[in-house]
Amino acid sequence: MSLNIEKVKEFSNKAWDENILPTLSKYIEIPNQSPLYDAEWATNGYTEDAIQLLEKWILAQGIKGISCEIKRIEGLTPIIFMVVEASKTEKVKTVLLYGHMDKQPPLTEAWDEGLHPYKAVIKNNKLYGRGGADDGYSTFASISAIKALQEQSIPHDRYVIIIEGSEESGSIHLPQYVEKFKDEIQIPSLVVCLDSGCGNYDQLWMTSSLRGVLTGDLTVKVLNEACHSGSASGIVPSSFRILRQVLDRAENQLTGEVDKRLHVEIPQHRLDQIAKCAEILGETIYDEFSWYKNTTPVTKDLTQLMINKTWYPTICITGAEGIPHTSNAGNVMRTHTTVKVSVRLPPSFKAADASTVLKEIFETNPPYGAEVTFKMDKCASGWDSPQTRPELEKALGEASNLFFGKDHVYMGEGGSIPFMKMLHDRFNCQFIVTGLLGPGSNAHGPNEFLDIPFAKKLLSCVIYLLDAHSKFD
């Protein structure tokens, strides 16, 4: 039986309007932060509220052949583990669909008037709220895609769906689940990940690579006790000035270039894809950001900007300790300064090696003999997608043209999805990594949103691709 494309479009529109948006909105209202950002996740009930809401919705969909269970390991965030048995009898393959339910911190005060991280608001065909696009919708889209096939009585493969609770913390809890339930997972021939992004809302975007991530605390300590700055300055070196010096060892303060030891050679086919992507996106590459006054991007070379974002290491300071608020800052020489260092790593660079490199850069020969320490708290390697097989490449093009009217495009992402690297190392399979995070969607920041018309077309593409894959030899 052939898939009816018009029915797919009708299904996707109706599913989002009537079945997904109401419950996804309720999910947005739950403040279930990832464990790295919420020390009380196991006791405050928010993670439990989110996972129960999702499970209840899944079971209400009437998916034939499904088993759905909340799996738990002591001390770890729970996962939703689902298996949908194949409806076909020959050449059955396993497809693994992945998403996550944990959220980044809310940044409540930075949201625009009328918006709130834990209040779902639909405005101008966009659904605003923390975790809607990253990555709450993935549960709904995965189940809805299978439901669409079953409603058309299309024979389908075996599906395993994993919705985890620690992705925003580097998927620190997921490996134990994958190992424990490896026999139930089996060996997938295809992985579908709906936790990535898109360069625009006009076509299907395939993620070709993901950068790795490493975060840690960099501390400079110069005194045992704070003292009067009039007495100490000029004698005691400022911990902040020393911090600037050691950071400059890793990142050139004028250019932003990071130490060569954290770079890799970029494959030529990725450079070719980057050039094409830059041509398609144009100034959207930097126009999507909310620039303050006359601030400009680091360069106007569009291809270089995409290389910077997807294959170069970068360093950001995302938090600080030991520095009082300006309203409470007296004339005091502080004892220490601590900053949270967030490092994005090239897709093929081993994150564990980066920790060693950074520790050596920061701690060796500290200025003035001060105590300088770097303590890593999270790391996850990036991912470079395997070559897409011709039959899948053809299906991707067909899906994009059917539902968007344009060809699909490959784009590296600057962010991380740690599970993709885990799966790549474990299984020899194909990957469809895509998502809703497009221009302005601002995952991790204020005013996070998903574009509803794009979400409907993306769901249609997933339905088509699951059906196409089931017909591959």
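Preceding this section is the structure that the text describes.
Everything numeric in this text was worked out from a predicted model, so none of it was measured. (Residues numbered from 1 in each chain as written. Predicted model: local features only at pLDDT ≥ 70, side-chain atom pairs only at ≥ 80, totals over all residues. Heavy atoms only, no water.)

> When you look at the overall build of the protein chain in this model, what are you seeing that I'm missing?
Counting secondary structure elements, the protein chain contains 14 helices and 18 strands. Relative to the compact-globule value of 23 Å for 473 residues, the protein chain shows a C-alpha radius of gyration of 24 Å, a close match. With the C-alpha coordinates of the protein chain rotated into their principal frame, the extents come out at 85 × 50 × 45 Å. By the burial criterion, 55% of the 473 residues in the protein chain qualify as buried. (Helix = DSSP H or I, 4+ residues; strand = E, 2+ residues; numbered from the N terminus. Rg over C-alpha atoms; globule rule 2.2 N^0.38 Å. Buried < 20%, exposed > 50% of the residue type's maximum accessible area, 1.4 Å probe, protein only.)

> Would you mind showing me how to read the nonpolar core here?
For soluble globular proteins, the rule of thumb is that nonpolar side chains tend to be buried together. Membership of the largest hydrophobic core comes to 91 residues, with the highest contact counts inside it found for Trp 16, Leu 24, Tyr 137, Leu 450, Leu 459, Ile 463 and Leu 466. Here this core takes twelve residues from helix α14 (residues 452–470), the largest share from any one element. Those residues within four positions of Trp 16 in sequence are excluded, and the remaining contacts are Leu 21, Pro 22, Leu 24, Tyr 137, Leu 450, Ala 455, Lys 456 and Leu 459. (Core = buried A, V, L, I, M, F, W, Y, C linked by side-chain atoms within 4.5 Å. Contact = heavy atoms within 4.5 Å.)

> Would you explain the sheet that holds strand β3 (residues 94–100) in this entry?
What holds strands together in a sheet is hydrogen bonding between their backbones, with the strands either parallel or antiparallel. Read from one edge to the other, the open sheet built from six strands follows the order β1-β2-β6-β3-β7-β17, with strand pairing classed as mixed. Only two strands of the sheet have a single neighbouring strand rather than two, namely β1 (66–71) and β17 (430–433). If you compare each strand with its neighbour and ignore which way they point, the axes differ by 15° on average. The sheet strands contacting helix α3 (residues 132–151) are β1, β2 (79–84), β3 and β6 (158–164), and the helix crosses β3 at an angle near 150°. (Pairing = 2+ DSSP bridges. Axes fitted to C-alpha atoms, helices over the stretch in contact; angles between N-to-C directions.)

> What is the right way to look at the sheet that holds strand β8 (residues 205–210) in this model?
If you walk across this open sheet you meet the three strands as β15-β8-β16, and the pairing is mixed. A strand with exactly one partner marks an edge of an open sheet, and here the two such strands are β15 (383–384) and β16 (409–413). For β8 and β16, the ladder comprises five bridges, and the chain directions are parallel. Looking at β16, one finds that Ser 209 is bridged to Gly 412.

> How should I be thinking about unusual backbone geometry in this particular structure?
Note on backbone geometry: most residues besides glycine have negative phi, and most peptide bonds are trans. Here the residue pair Asp 134 and Asp 135 is connected by a cis peptide bond, since its omega of 10° sits within 30 degrees of zero. Positionally, Asp 135 belongs in helix α3. If you check the backbone angles, Asn 124 has positive phi at about 55° while not being a glycine. Positionally, Asn 124 belongs in the loop between β4 (121–123) and β5 (126–128). Look at Asn 124 and you get exposed, because its relative accessible area is 60%. The residue Ser 153 is not glycine, and still its phi comes out positive at about 55°.

> Help me understand the side chain of Ser 416, please; the structure alone is not making it clear to me.
Within the secondary structure layout, Ser 416 lies in the loop between β16 and α13 (418–426). Classification of Ser 416 by relative accessible area gives buried; the value is 16%. At 2.6 Å, the side chain of Ser 416 and the backbone oxygen of Arg 211 are in polar contact. Reaching out from Ser 416, the side chain makes a polar contact with the side chain of Arg 344 at a distance of 2.9 Å. If sequence neighbours within four positions are ignored, Ser 416 has contacts with Glu 167, Arg 211, Gly 212, Val 213 and Arg 344. (Polar contact = N/O pair within 3.5 Å; in protein donor to acceptor, adjacent residues only side chain to side chain.)

> Before we go on, may I ask you to explain the side chain of His 100 in this structure?
Here His 100 shows up in strand β3. Residue class for His 100 comes out buried when judged on its relative accessible area of 0%. A polar contact of 3.0 Å, which involves the side chain of His 100, links it to the side chain of Asp 102. At 3.2 Å, the side chain of His 100 and the side chain of Asp 134 are in polar contact. Setting aside its immediate chain neighbours within four residues, His 100 contacts Asp 134, Asp 135, Gly 136, Ser 138, Ile 163, Glu 164, Glu 167, Glu 168 and Asp 195.

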